[in-house]
Amino acid sequence: MPPPINHRTGGVYRIVPVDEDFTGGAAAIEAIVECCNQPLIYDLLFAERCAGVPYSGSDAAGFLDWCRAGWREGTHFPFLLCDAGGTIVGAMDIKSAERPTAEIGYWLSADHSGVMTNAVRILATIAGHAGYRGLHALVRPGNDRSRGVLDRAGFRPAGRAERGGNVYDRFALALE
Ligand SMILES: CC(C)(COP(=O)(O)OP(=O)(O)OC[C@H]1O[C@@H](n2cnc3c(N)ncnc32)[C@H](O)[C@@H]1OP(=O)(O)O)[C@@H](O)C(=O)NCCC(=O)NCCS
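Residues numbered from 1 in each chain as written. Predicted model: local features only at pLDDT ≥ 70, side-chain atom pairs only at ≥ 80, totals over all residues. Heavy atoms only, no water.

**Remarks on the site of the ligand**
Around the ligand lies a shell of 21 residues, among which Tyr106, Ser113, Gly114, Thr117 and Arg152 are the nearest. In this structure, an oxygen atom belonging to the ligand sits 3.0 Å away from a main-chain N or O atom of Met116. For the ligand, the protein covers 78% of the area, taking 940 Å² as the surface of the free molecule. At the level of secondary structure, the elements contributing two or more residues to the shell around the ligand comprise helix 2 (39–46), strand 4 (101–108), helix 4 (116–129) and helix 5 (144–152). Residues of the shell around the ligand, tallied by class, amount to 10 nonpolar, 7 polar and 4 charged. (Near = heavy atom within 4 Å. Polar contact = N/O pair within 3.5 Å; in protein donor to acceptor, adjacent residues only side chain to side chain. Areas by Shrake-Rupley, 256 points an atom, 1.4 Å probe, with all protein chains shown as cover. Helix = DSSP H or I, 4+ residues; strand = E, 2+ residues; numbered from the N terminus. Nonpolar A, V, L, I, M, F, W, Y, C, P; charged D, E, K, R; others polar.)

**Quick word on helix 5**
Burial in helix 5 covers these residues: Ser146, Gly148, Val149 and Leu150. Elements in contact with the buried residues of helix 5: strand 4, helix 4, strand 5 (134–139) and strand 7 (166–174). A positive phi of about 95° marks Gly154, the residue just after helix 5. (Buried < 20%, exposed > 50% of the residue type's maximum accessible area, 1.4 Å probe, protein only. Contact = heavy atoms within 4.5 Å.)

**So, a positive patch on the surface**
Judged by side-chain charge, Arg8, Arg121, Arg145 and Arg152 come together as a positively charged surface patch. Mapped onto the elements of the fold, Arg145 is located in helix 5. Arg145 sits in the exposed class, given a relative accessible area of 56%. (Patch = residues over 30% accessible without salt bridge, like charges linked within 9 Å, V, L, I, M, F, W, Y side chains within 5 Å. Salt bridge = Lys/Arg side-chain N within 4 Å of Asp/Glu carboxyl O. Lys, Arg positive; Asp, Glu negative; His and termini not counted. Charge placed at Lys NZ, Arg CZ, Asp CG, Glu CD.)

**Some details on the packing of aromatic side chains**
Taken as a whole and judged by the stated rule, the model has 4 aromatic pairs. Summarising the aromatic geometry, the rings of Trp71 and Phe79 are spaced 5.3 Å apart at their centres and angled 90° between planes, so their arrangement reads as edge-to-face. Trp71 gets classed as partly exposed once you look at its relative accessible area, which sits at 28%. A connected cluster of aromatic rings, assembled from ring pairs, spans Trp71, Phe77 and Phe79. A cation over a ring is seen here: Arg99 above Tyr132, with NZ or CZ 3.9 Å from the ring centre. (Phe/Tyr/Trp six-rings, centres within 6.5 Å; stacked < 30°, edge-to-face > 60°. Lys NZ or Arg CZ within 6 Å of the ring centre and 35° of its normal.)

**Some thoughts on the side chain of His76**
Among the secondary structure elements, His76 is positioned in the loop between helix 3 (57–73) and strand 2 (77–82). Residue classification places His76 among the buried positions, given a relative accessible area of 10%. Among the polar contacts made by the side chain of His76, one reaches the side chain of Thr75 at a distance of 2.9 Å. Every residue in contact with His76, bar those within four places of it in the chain, is listed here: Trp66, Gly70, Trp71, Ile94, Lys95 and Ser96.

**What to know about the sheet that holds strand 3 (residues 88–94)**
Strand order across the open sheet formed by 7 strands is 1-2-3-4-5-7-6, with mixed pairing between neighbours. What marks the edges here is a single partner per strand, and that holds for strand 1 (14–17) and strand 6 (156–163). Neighbour-to-neighbour, the strand axes of the sheet open up by a mean angle of 30°, direction not taken into account. By the bridge criterion, 4 bridges tie strand 1 to strand 2 in an arrangement that is antiparallel. Residue pairing for strand 2: Ile15 is matched across the bridge by Leu81. (Pairing = 2+ DSSP bridges. Axes fitted to C-alpha atoms, helices over the stretch in contact; angles between N-to-C directions.)

Keep in mind that these numbers describe shape and distance, not what the molecule does.
Printed below as a string of structure tokens:
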């Protein structure tokens, strides 16, 4: 699989499955905490579940445990995105083993903007090889950056969905 390249900088990244072999240690926790407290990511993905309290080291440790459990039990499939120096700068996941189509999610440090479209394209290839026939994502209305990622990666509008009292725009991609 070719590595994802940052469209803006040409930087080369690595997609790492967070399975039982993943050993990130304290540096992994620190990098995840740093990313998840960035306003763009925190406000959208963590403010509600953290009840306004900053995303902590124990949140990151819990996240890594959840990632490993997903691969171990075959229920969900998270990946980290690392820069050329090996620092964690983002994450993506396939949220279920359900076929034919599964939901994906992602976040990326604002300092590395420009790589997520290409990373999602590679995630789609990985999913196709794993037997998925489609992927979809739920995006809050107004999240134009995420919408742009999906649009450039070939996802198309596919109605609306409701979850936890919030309404989302749904985008779907058919895989060969
Ligand atoms: C959404 C998010 C992942 C976007 O990451 P990103 O790396 O900035 O997204 P992209 O890869 O699309 O890169 C953005 C820029 O690079 C350009 N780009 C990237 N890959 C490109 C490609 N292959 N071809 C053309 N342009 C490309 C885009 O046009 C865009 O440029 P612009 O800002 O001048 O319009 C990030 O903002 C984020 O984590 N947000 C908070 C969490 C979130 O919203 N998660 C999704 C929940 S549904």
